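Structural features, examined
Listed below are the residues making up each chain.
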Amino acid sequence: MHPALLGLLTIAVGVTGCVGYFYGANLLLDKVLFPPRGPNAGRNITRANMIRPWVFLGPAILALGLYLAYPVVATLILSFQERLPGGARGFVGLQNYSKMFDEPKFWEAMRNNVLWLIVVPATATGFGLLAAQLTDRLRWGNIAKSIIFMPMAISFVGAAVIFKLIYEARPLDVAQIGILNHLYLTFGGDRPQQWLTIPFWNNFFLMAVLIWIQTGFAMVILSAALRGIPEETIEAAIIDGANPFQIFFKIKIPQIMGTIVVVWTTITIATLKVFDIVFAMTNGQWETQVLANYMYDKLFRANDWGIGSASAMIIMLLVTPILVWNVHNARKEMR
């Protein structure tokens, strides 16, 4: 069967199955198990309404358990094992974690991840907030927002390829196709630079890719939050003589602080899991290793499932507190 037809058939079957499931579940609850008639009609309606959310959430809970909970448990078990000849596995306790902590490459990845966490979320959120504020004041602001948001439609690998071309270096006697080297030579540079091979600073060149992508996301969310600020508070501040900077920092920012925190933590989680950009641009060379790329190297290059699984658990442990905090703040905002 042609792939396009197979795709359409899959969509049709999926949609039909979902509609049939929800319709059948309602029919079962309201007509068979708890019919809203007779002396117990009120009690049956209450019971049906109590069970209905769990029936509707059942497939999602099952899918999450199968594709999220099970891999986490399996990875945790693998992190305490080693592969033996013949495909068997043996329990080694915390030995994989001990070996991982003894590797300089792991601590390089940890240092770089900390650096990414300091720079990327704050910079992307700040640029997004600035873009949201400025574009709301422009007549062509919607066009500007579309352009800034456009990188969100590009995959991390695609964005990495674009920026790799920006950082490209050619011999001095050849025309430079890399914009950065072209500007560097135009303003007095002596020779083209291999930007991605310069230790420490090359991390910032990689971070620029993720900041470029995430700024659009931050801008869209924060723009909606800024538009939700009551006009009365701004008008009152203007009447009291507040200037635009005071209005922005003392009136608007405090009112959308909850949204800023949610955006910041969301970008932080994405930063902790960054892999594609580093893999496509440097593959962890020249002191640019990060945890996700380290995990990939151990799992699929060194074929060391024990240390690879241990590094995956470290990433999960780092992400979980931020995720819990994000959910807590979101629930607090809803209340």
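Above: the structure in question.
Here's what I pulled together on the structure shown here. (Residues numbered from 1 in each chain as written. Predicted model: local features only at pLDDT ≥ 70, side-chain atom pairs only at ≥ 80, totals over all residues. Heavy atoms only, no water.)

**Section: the overall build of the chain**
Secondary structure summary: the chain contains 14 helices and two strands in total. In terms of overall dimensions, the chain is more spread out than a globule: its C-alpha atoms have a radius of gyration of 26 Å, far above the 20 Å expected for 335 residues. For the chain, buried positions account for 36% of its 335 residues. Across the chain, the fraction of contacts at a sequence separation of at least 24, relative to all contacts at a separation of at least 6, is 64%. Accessible surface, the chain: about 20,100 Å² in total, of which carbon and sulfur atoms supply 70%. Here the chain contributes 25 positively and 18 negatively charged side chains, and the mean placements of these two sets differ by 11 Å. (Helix = DSSP H or I, 4+ residues; strand = E, 2+ residues; numbered from the N terminus. Rg over C-alpha atoms; globule rule 2.2 N^0.38 Å. Buried < 20%, exposed > 50% of the residue type's maximum accessible area, 1.4 Å probe, protein only. Contact = heavy atoms within 4.5 Å. Areas by Shrake-Rupley, 256 points an atom, 1.4 Å probe, with all protein chains shown as cover. Lys, Arg positive; Asp, Glu negative; His and termini not counted. Charge placed at Lys NZ, Arg CZ, Asp CG, Glu CD.)

**Side note on the packing of aromatic side chains**
Two aromatic rings, taken as a pair, are described by how far apart their centres are and by the angle between their planes. Scanning all chains against the criterion turns up 21 aromatic pairs. Geometrically, the ring pair formed by phenylalanine 275 and tyrosine 296 is tilted, given 5.2 Å between the ring centres and 45° between the ring planes. In this pair, phenylalanine 275 sits in the loop between helix H11 (257-272) and helix H12 (276-281) while tyrosine 296 sits in helix H13 (residues 291-301), placing the two residues 21 residues apart along the sequence. Classification of tyrosine 296 as partly exposed rests on a relative accessible area of 25%. Linked through ring pairs, Phe163, Tyr167, Tyr184, Trp195, Phe205 and Trp212 together constitute an aromatic cluster. (Phe/Tyr/Trp six-rings, centres within 6.5 Å; stacked < 30°, edge-to-face > 60°.)

**A few points about the pattern of salt bridges**
Going through the model one piece at a time under the given rule, you end up with five salt bridges. Where arginine 52 meets aspartate 30, a salt bridge forms, and the shortest distance between an N and an O atom there is 3.1 Å. In this pair, arginine 52 sits in helix H2 (residues 41-78) while aspartate 30 sits in helix H1 (residues 3-33), placing the two residues 22 residues apart along the sequence. By relative accessible area, which is 25% here, aspartate 30 ends up partly exposed. Arginine 301 is the partner of aspartate 297 in a salt bridge, and the nearest nitrogen-oxygen pair spans 2.5 Å. (Salt bridge = Lys/Arg side-chain N within 4 Å of Asp/Glu carboxyl O.)

**Observations regarding the environment of isoleucine 177**
Looking at where isoleucine 177 falls in the secondary structure, it is placed in the loop between helix H6 (156-166) and helix H7 (179-186). Residues isoleucine 177 and isoleucine 166, spaced 11 residues apart in sequence, show a C-alpha to C-alpha distance of 7.5 Å. Excluding residues that lie within four positions of it along the chain, isoleucine 177 makes contacts with Leu165, Glu168 and Arg170.

**Focus on a nonpolar patch on the surface**
Taken together, the side chains of Leu5, Leu8, Ile11, Val15 and Val19 make up a nonpolar region of the molecular surface, amounting to roughly 500 Å² of accessible area. Structurally, valine 15 is set in helix H1. (Patch = residues over 30% accessible without salt bridge, like charges linked within 9 Å, V, L, I, M, F, W, Y side chains within 5 Å.)

**Overview of the environment of proline 192**
Residue placement: proline 192 occurs in the loop between H7 and helix H8 (201-227). Residues proline 192 and glutamine 176, 16 residues apart in the sequence, show an inter-C-alpha distance of 8.4 Å. The residues touching proline 192, leaving out its near neighbours within four places in the chain, are Ala169, Arg170, Pro171, Leu172, Gln176, Asn181 and Leu185.

**Points about the nonpolar core**
By size, the foremost hydrophobic cluster in this structure holds 42 residues, and its most contacted members are Trp116, Leu129 and Met281. Of all the secondary structure elements, the ones that give two or more residues to this core are helix H4 (104-135), H6, H8, helix H9 (231-239), helix H10 (244-255), H11 and H12. Here this core gets 13 residues from one element, more than from any other, and that element is H8. Excluding its chain neighbours within four sequence positions, the residues that come into contact with leucine 129 are Leu222, Leu226, Phe248, Ile253, Ile256 and Ile260. Core analysis: the second largest hydrophobic core is formed by 18 residues, Phe106, Met110, Met313 and Ile314 among them. (Core = buried A, V, L, I, M, F, W, Y, C linked by side-chain atoms within 4.5 Å.)

**Notes on the side chain of glutamine 214**
Tracing the backbone through its elements, the reader meets glutamine 214 in helix H8. Look past the residues within four positions of glutamine 214 in its chain and what remains in contact with it is Ala124, Phe156, Ile267 and Ala270.

**Comments concerning the packing of H8 against H11**
Running from N to C, H8 and H11 point in directions that differ by 160°, and their axes come no closer than 10 Å. One finds that H8 runs roughly antiparallel with respect to H11. For the element pair H8 and H11, the recorded crossing hand is right-handed. Contact residues: H8 offers Leu210, Gln214, Phe217, Ala218, Ile221, Leu222 and Ala225, while H11 offers Thr259, Ile260, Val263, Thr266, Ile267, Ala270 and Thr271. The residue makeup of the contact of H8 with H11, split by class, is 10 nonpolar, four polar and no charged. (Axes fitted to C-alpha atoms, helices over the stretch in contact; angles between N-to-C directions. Parallel < 35°, antiparallel > 145°, perpendicular 65-115°, else oblique. Left-handed = near helix turned anticlockwise from the far one by under 90°. Nonpolar A, V, L, I, M, F, W, Y, C, P; charged D, E, K, R; others polar.)

**Examining the environment of glycine 308**
Mapped onto the fold, glycine 308 is located in helix H14 (residues 305-334). Between the alpha carbons of glycine 308 and glycine 65 there is a distance of 22 Å; along the sequence they are 243 residues apart. Contact partners of glycine 308, with chain neighbours within four places excluded, come to Met295, Lys298 and Leu299.

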